[in-house]
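If you want the building blocks of each chain, they are given just below.
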Amino acid sequence: AQKITQTQPGMFVQEKEAVTLDCTYDTSDPSYGLFWYKQPSSGEMIFLIYQGSYDQQNATEGRYSLNFQKARKSANLVISASQLGDSAMYFCAMSLMNTGFQKLVFGTGTRLLVSP
Amino acid sequence: SQTIHQWPATLVQPVGSPLSLECTVEGTSNPNLYWYRQAAGRGLQLLFYSVGIGQISSEVPQNLSASRPQDRQFILSSKKLLLSDSGFYLCAGRGQWGGSTGELFFGEGSRLTVL
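Since the model is a prediction, treat every value here as computed from it, not as a measurement.

Re unusual backbone geometry
Residue B:P8 is bonded to the preceding B:W7 through a cis peptide linkage, with omega at -5 degrees. Counting through the fold element by element, B:P8 comes out in the loop between β1 (3-7) and β2 (10-13). Of note, A:K73 is a non-glycine position whose phi angle comes to about 55 degrees, a positive value. Mapped onto the secondary structure, A:K73 falls in the loop between β8 (64-69) and β9 (74-79). Take A:K73: its relative accessible area is 29%, and that puts it in the partly exposed class. Even without a glycine there, the phi angle at A:A81 is positive, about 45 degrees.

Structural notes on the interface of chain B and chain A
Contacts between the two partners involve 21 residues from chain B and, on the opposite side, 18 residues from chain A. Here chain B packs against chain A, burying approximately 1,500 Å² in sum over the two surfaces, 56% of which is carbon and sulfur. Area buried by chain B at its contact with chain A is led by B:L44, B:T101 and B:F106, which between them contribute 28% of it. Between A:K103 and B:E59 there is a salt bridge whose closest N-O contact spans 3.1 Å. Counting the contacts that link chain B with chain A gives four residue pairs in polar contact (both at pLDDT 80 or more). Residue composition of the side of chain B that touches chain A, grouped by class: ten nonpolar, six polar and five charged.

Considerations on the nonpolar core
Counting 25 residues, the largest nonpolar core has A:Y25, A:L34, A:W36, A:I49, A:L77 and A:Y90 as its most contacted members. Mapped onto this core, the elements with two or more residues apiece are β3 (19-21), β5 (32-39), β6 (46-52), β8, β9, β10 (88-96) and β12 (110-115) of chain A. Membership of the second largest hydrophobic core comes to 19 residues, among which are B:L21, B:F48, B:L81 and B:V114.

A closer look at the sheet that holds strand β3 (residues 19-26) of chain B
Residues and elements named next belong to chain B. In space, the four strands of this open sheet follow the order β1-β3-β8-β7, with antiparallel pairing throughout. Here the strands that pair on one side only, and so sit at the sheet edges, are β1 and β7 (64-70). Between one strand axis and the next, the sheet turns by 20 degrees as a mean value, whatever way the strands run. Bridging between β1 and β3 involves five bridges; their strand directions are antiparallel. Across the sheet, residue H5 finds its bridge partner in β3, namely T24.

A look at the pattern of salt bridges
All names here are of chain A. Using the criterion set out here, one finds five salt bridges over all chains in the structure. Between D86 and R63 there is a salt bridge; the shortest N-O distance is 2.8 Å. Within this pair, whereas D86 is found in the loop between β9 and β10, its partner R63 is found in the loop between β7 (60-61) and β8, the two being separated by 23 residues in sequence. Looking at D86, the relative accessible area reads 2%, which means it is buried. On the basis of relative accessibility, which here comes to 22%, the residue R63 falls in the partly exposed class.

About the criteria used
Residues numbered from 1 in each chain as written. Chains lettered and ligands numbered in written order. Predicted model: local features only at pLDDT ≥ 70, side-chain atom pairs only at ≥ 80, totals over all residues. Heavy atoms only, no water. Helix = DSSP H or I, 4+ residues; strand = E, 2+ residues; numbered from the N terminus. Buried < 20%, exposed > 50% of the residue type's maximum accessible area, 1.4 Å probe, protein only. Contact = heavy atoms within 4.5 Å. Buried area = accessible area lost by both parts, 1.4 Å probe. Salt bridge = Lys/Arg side-chain N within 4 Å of Asp/Glu carboxyl O. Polar contact = N/O pair within 3.5 Å; in protein donor to acceptor, adjacent residues only side chain to side chain. Nonpolar A, V, L, I, M, F, W, Y, C, P; charged D, E, K, R; others polar. Core = buried A, V, L, I, M, F, W, Y, C linked by side-chain atoms within 4.5 Å. Pairing = 2+ DSSP bridges. Axes fitted to C-alpha atoms, helices over the stretch in contact; angles between N-to-C directions.

This is the structure in structure tokens:
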């Protein structure tokens, strides 16, 4: 079975500061992919960043980086230089090779509020 | 570019009434398609996914059903809605998109309120 855990229901950060959103996962599959999505209040899901289980380096996309610690089974999202527009729900998700990477399982999300 | 359109955006239905949500895909062929439901303040729950026309996999037993009559069309249905069916429904796709990461692209969502 696969499971994604996001233990922070809400996080607060001031504009221009960095923030880390936690994500831990549980799987026995050696090959998997980890994703982060942003959901603004409008509801659409926006893909942010991807990390493959065999990737040697942490993924980065602009202000987003993924702190991948395989032994700890964690895949935390780091947002640098927070902006007001970063206020949203953030979801961590995982897909597994044993399902042909066909399915994406999501965590319960973290609501981020960026203050001026 | 690849996009997903779903409708209606918002609907309010009485308990026991039928439901039909539809999504269509543009910009790719033979995509995997998915229906997710998001309860208020919760994460996304995978309901159904399809790897091709007429091929439906159900993840959660419930009174909902899905159909894929055409390659780029995915429909979520119910014959009789329950109060617990209220939520935000998202159609998603994965196909010849986004390079090799396999990320999903989502529609705008449909907010269903069952009274």
